[in-house]
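The lines below spell out each chain.
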Amino acid sequence: MHRSDLLSRLDDTSERWDVVIVGGGATGLGIAVDAASRGYRTVLLEQADFAEGTSSKSTKLIHGGVRYLRSGEVSLVRESLRERGHLLRNAPNLVKPLSFVVPAYRWYEPFFYGSGLTLYDLLAGDLGIGATEHLSSPETLSRISNLRKEGLYGSTFYWDGQFDDARLAMAMVKTAVSEGACVLNHVKVERLEKTGDRITGLIARDQIGGGEYALSAKIVINATGAFSDSIRRLDDSGAAPVIAPSQGIHIVLDQKFLGGQTGVMIPKTDDGRVLFAIPWHNRMLLGTTDTGGVPVELNPKPLEAEIDYLIDHAGRYLSDRPRHEDIKATFAGLRPLVKPSGDMGETSRLSRSHSIFVSKSGLLTVGGGKWTTYRQMAEDAVDRAAELADLKPEPCLTHELRLDDECPKSKGAALGEDLPYTMGDAVAAVREEMAMTLTDVLSRRLRATFLDEAATLKAAPGVAKMMAGELGRDDQWIREQLAVLKEMAPS
Ligand SMILES: Cc1cc2nc3c(=O)[nH]c(=O)nc-3n(C[C@H](O)[C@H](O)[C@H](O)COP(=O)(O)OP(=O)(O)OC[C@H]3O[C@@H](n4cnc5c(N)ncnc54)[C@H](O)[C@@H]3O)c2cc1C
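Residues numbered from 1 in each chain as written. Predicted model: local features only at pLDDT ≥ 70, side-chain atom pairs only at ≥ 80, totals over all residues.

Peer 1: What is the right way to read the overall build of the protein from this model?
Peer 2: Within the protein one finds 15 helices and 19 strands. At 22 Å, the protein has a C-alpha radius of gyration in line with the 23 Å of a compact globule built from 491 residues. For the protein, the spread of C-alpha atoms along the principal axes amounts to about 70 × 55 × 40 Å. Residues classed as buried in the protein amount to 51% of the 491 residues present. (Helix = DSSP H or I, 4+ residues; strand = E, 2+ residues; numbered from the N terminus. Rg over C-alpha atoms; globule rule 2.2 N^0.38 Å. Buried ≥ 20, exposed ≤ 12 C-beta atoms within 10 Å, placed from the backbone.)

Laid out in structure tokens, this is it:
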């Protein structure tokens, strides 16, 4: 999979693409896999790296969303549990079952959570992972040794799915390319082109080489998550906003703060949210928050108040309480939530989890949703796109489509004591997985900045030098790349 080969496919201006997708996160990549596997001529353009937006910054759970049961959204939970089942089967190297406990510090909580989670199992039907059980207090502590013992009545033990988000995105890139799609990172869509009042193509610019590309398209799909309104405004400068982004952050701690391979679900925080503490790549991830009114940025920064909130809540449930100086990494993402309907005459709401909007000129925008349901979102979007663009109807094949989820494994010198990677892994990311920048390698092909910012900064100069050799770059490029990394992972 070579970026230059894929880029050269854009040179052929005689090609009229069936489907052109803007945005290379979970939503856009899901659509690319779906459209290409139906045989449609498909291109996807991502302005930065694959999954560099929200899709690398999730809680990394493939889950039904237990909390939606509380709000009575049973159909959403059922849909998500079905998709969880598909993903466990179609990407088994990247999506795995993970056990959880919901600790009970009030006598009635085991009954309350036990009945809710038993319903959760029932909704999963044949695609269930394992049965919900009650654990006594000693059984709970044998799984999560750092859980606060005082007042613990036991816990409800249940199963869900866990994954590596940016790696799953890469599996989708590889699968889409092997199905015939042209999928490119670092190509930004700058303008939409119209013939009369219909969108018939777009103009995009390669952010690495600087070249401009004009693409002709039967349909353009806007899959830009929190950025959706900016693309809608390229179509119609007066388009009403449909997305209300909400920021969620995570902090990453040593796994000793969890003390086991089971996750903890805290069902109710001060502001009525669910909080997860989960094992991930030998660390503990703790999140998340829900902060509205934030600007739309590719790499938003966690707010101090959000970090304090997580540290404070962790301290209430853990014996050995984490402090700010224990934090190894932080990351923030923007949920692309669909605004509650206002002026949304063009909306066709397909399910509670996501919405599809079609503008007068034919721009199809897919909003909302979550990683877990990306396949269903893609199926709905491509069905609608085929109708609008008058493509030959083809059935969706992704229920059964195995994703190319092998990670290149290489030998070589370790990147650092605290990082589970080798220099060979970094080389493979450049040679085989279209990594073009230092953070493409260190944040998404490898997850180093997400695991340990200080250790990553130590390893970075060697990786940047290797990349400069591979990509024919100079010392100035190395300095720029290191500066970008330092800004993103200040440590
Ligand atoms: C804190 C948090 C935790 C979450 N946890 C979970 C979880 O555990 N499980 C789950 O199922 N879901 C989870 N979600 C939801 C899930 O992560 C998102 O719904 C999903 O990643 C959104 O994907 P997307 O492709 O729509 O958006 P994005 O991943 O943001 O992708 C949009 C892309 O469009 C690109 N783009 C923008 N403008 C242009 C342009 N002009 N040209 C080309 N490209 C452009 C951007 O660069 C970006 O990469 C979580 C979300 C958050 C915020």
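Peer 1: When you look at unusual backbone geometry in this model, what are you seeing that I'm missing?
Peer 2: Leave glycine aside and you will find that most residues have negative phi; peptide bonds, for their part, are mostly trans. In this structure, T288 follows G287 across a cis peptide bond, with omega equal to 15°. Here T288 is to be found in the loop between β14 (283–287) and β15 (291–292). Even without glycine at this site, H281 takes up a positive phi of about 45°. Turning to its location among the elements, H281 is positioned in the loop between β13 (275–280) and β14. Phi at M434 takes a positive value of approximately 60°, unusual for a residue other than glycine. By secondary structure assignment, the location of M434 is in the loop between α11 (423–432) and α12 (438–445).

Peer 1: Teacher, can you tell me more about the packing of α12 against helix α14 (residues 453–471) here?
Peer 2: Relative placement of two packed helices is described by the angle separating their axes and the distance separating the axes. At a minimum axis distance of 9 Å, the contact between α12 and α14 shows a crossing angle of 130°. Judged on the interaxial angle alone, α14 and α12 are oblique. When the axes of α12 and α14 are compared, the crossing they make is right-handed. Each of L438, V441 and L442 in α12 lies in contact with α14, whose residues at this interface are T456, A460, V463, A464 and M467. A per-class count over the contact of α12 with α14 returns seven nonpolar, one polar and no charged. (Axes fitted to C-alpha atoms, helices over the stretch in contact; angles between N-to-C directions. Parallel < 35°, antiparallel > 145°, perpendicular 65-115°, else oblique. Left-handed = near helix turned anticlockwise from the far one by under 90°. Contact = placed C-beta atoms within 7 Å. Nonpolar A, V, L, I, M, F, W, Y, C, P; charged D, E, K, R; others polar.)

Peer 1: What should I look at first to understand the domain arrangement of the protein in this one?
Peer 2: Where interface size is quoted, it is often the accessible area lost as the parts come together. Looking at the protein, the domain boundaries give domain 1 (3–54 + 167–242 + 341–389), domain 2 (94–162 + 244–336) and domain 3 (423–488). Computed over C-alpha atoms, the centres of domain 1 and domain 2 are 33 Å apart. Taken residue by residue, the interface counts 13 residues in domain 1 and eight residues in domain 2. Of all the elements in the fold, those that place two or more residues in the side of domain 1 that touches domain 2 are α7 (165–178) and β19 (364–368). No other element matches the three residues that α7 contributes to the side of domain 1 that touches domain 2. Taken together, the residues of the side of domain 1 that touches domain 2 break down into five nonpolar, six polar and two charged. (Domains from an automatic or database assignment.)

Peer 1: Where do I start with the site of the ligand in this structure?
Peer 2: Around the ligand sit 39 residues in total, of which G23, G25, G53, G225 and G248 are the nearest. At the level of secondary structure, the elements contributing two or more residues to the shell around the ligand comprise α2 (26–37), β8 (187–195) and β16 (329–338). Take the shell around the ligand: its biggest share by element is four residues, from β16. Counted by class, the shell around the ligand contains 14 nonpolar, 18 polar and seven charged residues. The two domains that each donate at least three residues to the shell around the ligand are domain 1 (3–54 + 167–242 + 341–389) and domain 2 (94–162 + 244–336). (Near = placed C-beta within 6 Å.)

Peer 1: For this particular structure, what's the right way to read the nonpolar core?
Peer 2: Of all hydrophobic cores here, the largest spans 141 residues; its most connected members are A32, A176 and I221. Tallying contributions element by element places α7 first for this core, with nine residues. Beyond its immediate sequence surroundings of up to four residues, A32 is in contact with I21, T42, L44, A176, A181 and V183. (Core = buried A, V, L, I, M, F, W, Y, C linked by C-beta atoms within 7 Å.)

Peer 1: Even after reading the chapter, I still don't get helix α8 (residues 228–235), so can you show me in this structure?
Peer 2: In an α-helix, one turn spans 3.6 residues, which is why side chains three or four residues apart end up on the same side. Taken as a whole, α8 has its buried residues at S228, D229, I231 and R232. The buried side chains of α8 occupy one side of the element, clustering within an arc of 160° when seen end-on. Structurally, α8 contributes buried residues whose contacts are with β1 (16–22), β10 (212–222), β11 (243–254), β16 and β19. (Arc of directions from axis to C-beta.)

Peer 1: Just checking my understanding: could you explain the environment of R402 for this structure?
Peer 2: Tracing the backbone through its elements, the reader meets R402 in the loop between α10 (374–389) and α11. Judged by C-beta crowding, with 11 C-beta atoms within 10 Å, R402 ranks as exposed. In this structure, the C-alpha to C-alpha distance between R402 and S178, residues 224 residues apart in sequence, is 12 Å.

Peer 1: What's the story with the pairing of strand β9 (residues 198–206) in this structure? I'm lost.
Peer 2: On a regular strand, one side chain projects to one face of the sheet and the next to the other, so that they alternate. As paired strands, β8 and β9 are joined by eight bridges and run antiparallel to one another. Looking at the pairing, V187 lines up with D206 of β9. Where β8 folds back onto β9 in an antiparallel hairpin, the turn is made up of two residues, including G196, whose phi is positive at roughly 65°. By the bridge criterion, five bridges tie β9 to β10 in an arrangement that is antiparallel. In the strand pairing of β10, R205 is matched with E212. Hairpin connection, β9 to β10: the antiparallel pair is bridged by five residues, and G210 has positive phi, about 90°. (Pairing = 2+ DSSP bridges.)

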